[in-house]
Amino acid sequence: MVNELKILKFPDPRLRTVASKVTKFDKSLEILANDMLELMYKENGIGLAATQVNHHIRLITIDISEERDSPMIFVNPEFEIINEDSHLSFEEGCLSVPGFNEEITRPDNIKLKWQDIKGEEHEDMPSGLLTVCIQHEIDHLEGKLMVDYVSPIKRERIKKKLTKMYAK
Ligand code: NI
């Protein structure tokens, strides 16, 4: 790993940063993406947003394969909801909120646009787990977390538990 990456944990305020658009597709972007993939595999995560490693640019890594051999990199991802009535509920976890899973309902009929690591533009309609994962990671780029989908009381409880855990 070239960059010394560490995962920020809720309630770290840096997780609330809105990431800026990537405009330079250079070697350092590629290195950061590869380091993020390495960390994501090490931590056994299926997705990681640059925000979570304190790099506030619109960069995401994902691997939803069972075999952990299908890395994906999304730069400047954005989506548009095609069908507002179509939803998918999934029990989500997050490396920045360790030990908690929450059922979150998200639109499952979206059109996704992104750039690859070279800056080439792509468009697709992801389905299933990939739809969920990409929306979860795009939330991170907006400074939004899984805990924002639960009640304030529950959020406070998670915050207390995690703060206590880190203090140990
Ligand atoms: Ni997350």
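Rules and cut-offs
Residues numbered from 1 in each chain as written. Predicted model: local features only at pLDDT ≥ 70, side-chain atom pairs only at ≥ 80, totals over all residues. Heavy atoms only, no water. Helix = DSSP H or I, 4+ residues; strand = E, 2+ residues; numbered from the N terminus. Rg over C-alpha atoms; globule rule 2.2 N^0.38 Å. Contact = heavy atoms within 4.5 Å. Lys, Arg positive; Asp, Glu negative; His and termini not counted. Charge placed at Lys NZ, Arg CZ, Asp CG, Glu CD. Core = buried A, V, L, I, M, F, W, Y, C linked by side-chain atoms within 4.5 Å. Buried < 20%, exposed > 50% of the residue type's maximum accessible area, 1.4 Å probe, protein only. Disulfide = S-S within 2.5 Å. Pairing = 2+ DSSP bridges. Polar contact = N/O pair within 3.5 Å; in protein donor to acceptor, adjacent residues only side chain to side chain. Phe/Tyr/Trp six-rings, centres within 6.5 Å; stacked < 30°, edge-to-face > 60°.

Visitor: Please clarify how the overall build of the protein should be interpreted in this entry.
Guide: Helix and strand content of the protein: three helices and seven strands. Counting from the amino terminus, helix and strand elements in the protein follow one another as α-β-β-β-β-β-β-β-α-α. Here the C-alpha radius of gyration of the protein, 16 Å, is about what a compact globule of 168 residues would show, namely 15 Å. Principal axes of the C-alpha set define a box for the protein whose edges measure 45 × 45 × 30 Å. In the protein, 66% of the contacts between residues at least 6 apart in sequence involve partners at least 24 apart. Of the side-chain charges in the protein, 23 are positive and 30 negative, and the distance between the mean point of each set is 10 Å.

Visitor: What exactly am I supposed to notice about the nonpolar core here?
Guide: General note: in soluble globular proteins, nonpolar side chains tend to be found buried as a group. In terms of nonpolar packing, the biggest core is built from 17 residues, with Met36, Leu48, Val53 and Leu59 touching the most fellow members. Tallying contributions element by element places helix H1 (residues 27-42) first for this core, with seven residues. With near-sequence residues (within four places) excluded, leucine 48 lies in contact with Ile7, Met36, Leu39, Met40, Val53, Leu59, Ile60, Thr61, Leu95 and Glu137. Membership of the second largest hydrophobic core comes to 13 residues, among which are Ala49, Ile60, Phe74 and Trp114.

Visitor: Just checking my understanding: could you explain the state of the cysteines for this structure?
Guide: Every disulfide links exactly two cysteines, by a covalent bond between their sulfur atoms. Summed over the entire model, instances satisfying the criterion amount to zero disulfides. Lacking any disulfide linkage, cysteine 133 is separated from the closest cysteine sulfur, that of cysteine 94, by 10 Å.

Visitor: I keep staring at the pairing of strand E3 (residues 72-81) and nothing clicks. Help me out?
Guide: Taken together, the four bridges between strand E2 (residues 59-62) and E3 define a ladder with antiparallel strand orientation. Across the sheet, residue leucine 59 finds its bridge partner in E3, namely valine 75. Direction of pairing for E3 relative to strand E6 (residues 110-115): antiparallel, over a ladder of five bridges. In the sheet register, phenylalanine 79 faces E6, and the bridge partner there is leucine 112.

Visitor: Sorry if this is basic, but what is going on with the side chain of threonine 131 here?
Guide: Here threonine 131 lies in helix H2 (residues 129-141). Judged by relative accessible area, which is 1%, threonine 131 ranks as buried. Of the polar contacts made by the side chain of threonine 131, one reaches the backbone nitrogen of serine 127; its length is 3.3 Å. When neighbours within four sequence positions are excluded, threonine 131 is seen to be in contact with Pro107, Asp108, Ile110 and Pro126.

Visitor: Hey, could you run me through the packing of aromatic side chains in this one?
Guide: Each aromatic ring pair is summarised here by two numbers: the centre-to-centre distance and the angle between the ring planes. Counting across every chain of the model gives one aromatic pair. Ring geometry for phenylalanine 74 and tryptophan 114: centres 5.1 Å apart, planes at 65°, overall edge-to-face. You can see phenylalanine 74 sitting in strand E3 and its partner tryptophan 114 sitting in strand E6, a full 40 residues away along the chain.

Scope: geometric values only; no functional claims are made or implied.
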